[in-house]
Amino acid sequence: MSRTTPLSMWQRLALLVIAPLAMALLAVVVIDAQNATDHEQVRVRARALADGRVEFTLRTPSGILEPRARFFPADDGPTGWTYSSKLTLSNGAEVQIAARRLDDGRVEFGVRPEGDRRPTLPRQRYFPTDATVGSWLVSTPVTVWAPQPESMPEAEQAEQPEQDDQPDQSDQSSQSDQPEDSSGATSPPDADDGGSDADESSVERISGGHRDGLVVDRNVIGNPDAPVLIAEYGDPY
């Protein structure tokens, strides 16, 4: 039967030191592998042609890319920035080769990623006036980052107008002030229901005699609201 030799103190200490370093190294490798697809380093290639034009191509990690419009015209005067047709890199970025002629006749060139207003200029970016025809010259590298994913726009929520199921307070108050008849219907405030404003309990009447029951209003005998009043002065009743 074989016996397992126990680890010494130095071996255990070595494991404690090496294990974290190995994990950190693995994390760096994974991060580098992920970042490798985020950016690319490209170089501009240029050569002089026999007719005086300058041809431009782009060297990428995946190979040489030739834009359709890649010839800079032969001219002695200075120019502004001119751009090649678009090229798509393996990381999804779209770029153009930019070139312009300076006052001294040299051609300056760079790379303009899609969306940038000005080109990114490599450190070595000048094509000389005495370049050998047909010989390719290469710039220093330019880093082009992958395009950022566009964020999805938030759905616009349509504002629905609030509907008030309750009747207007002024309508409620006006209806509550109207009297109700026996059927529950309300009558307009100004409607004439044929009632009398006089309070019968407060009317003074004659008690006894031939004028028993007649209304007395000071010296007027009878109903004051009647079309014909009986007026007797000094009548002792």
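Quantities reported herein were computed from a predicted structural model and do not represent experimental measurements.

Tracing the backbone through its elements, the reader meets S139 in the loop between β10 (137–138) and β11 (142–145). Here S139 is in contact with R43, V44, F109, P122 and Q124, once residues within four sequence places are set aside.

Under the criterion given, the structure shown has 1 aromatic pair. Directly above the aromatic system of F71 lies the positively charged group of R53, at a separation of 4.5 Å from the ring centroid. Looking at R106, its charged tip hangs above the ring of Y126, at a distance of 4.3 Å from the centre.

Looking now at the environment of A48. Note on placement: A48 falls in strand β1 (residues 39–48). Judged by relative accessible area, which is 12%, A48 ranks as buried. Taking the C-alpha atoms as reference, A48 lies 9.7 Å from F71; in sequence the two are 23 residues apart. Those residues in contact with A48 that lie beyond four places of it in its chain are R53, F127, A131, T132, V133 and G134.

Close inspection of predicted coordinates is inappropriate in any region flagged by low pLDDT. In the predicted model, the chain carries a mean pLDDT of 73, and the fraction of residues at 70 or more is 49%. In the model of the chain, helix α2 (residues 169–176) stands out as the element of lowest mean pLDDT, 46, in contrast to strand β2 (residues 54–60), which has the highest, 98. Below a pLDDT of 50 lies the segment residues 28–36, which in the model reaches 0 contacts outside its immediate sequence neighbourhood of four places, other chains included. Every residue in residues 228–237 is under pLDDT 50, and counting partners more than four places away or in other chains gives 16 contacts.

Rules behind the numbers
- Residues numbered from 1 in each chain as written.
- Predicted model: local features only at pLDDT ≥ 70, side-chain atom pairs only at ≥ 80, totals over all residues.
- Heavy atoms only, no water.
- Helix = DSSP H or I, 4+ residues; strand = E, 2+ residues; numbered from the N terminus.
- Contact = heavy atoms within 4.5 Å.
- Phe/Tyr/Trp six-rings, centres within 6.5 Å; stacked < 30°, edge-to-face > 60°.
- Lys NZ or Arg CZ within 6 Å of the ring centre and 35° of its normal.
- Buried < 20%, exposed > 50% of the residue type's maximum accessible area, 1.4 Å probe, protein only.
- pLDDT = per-residue confidence, 0-100.

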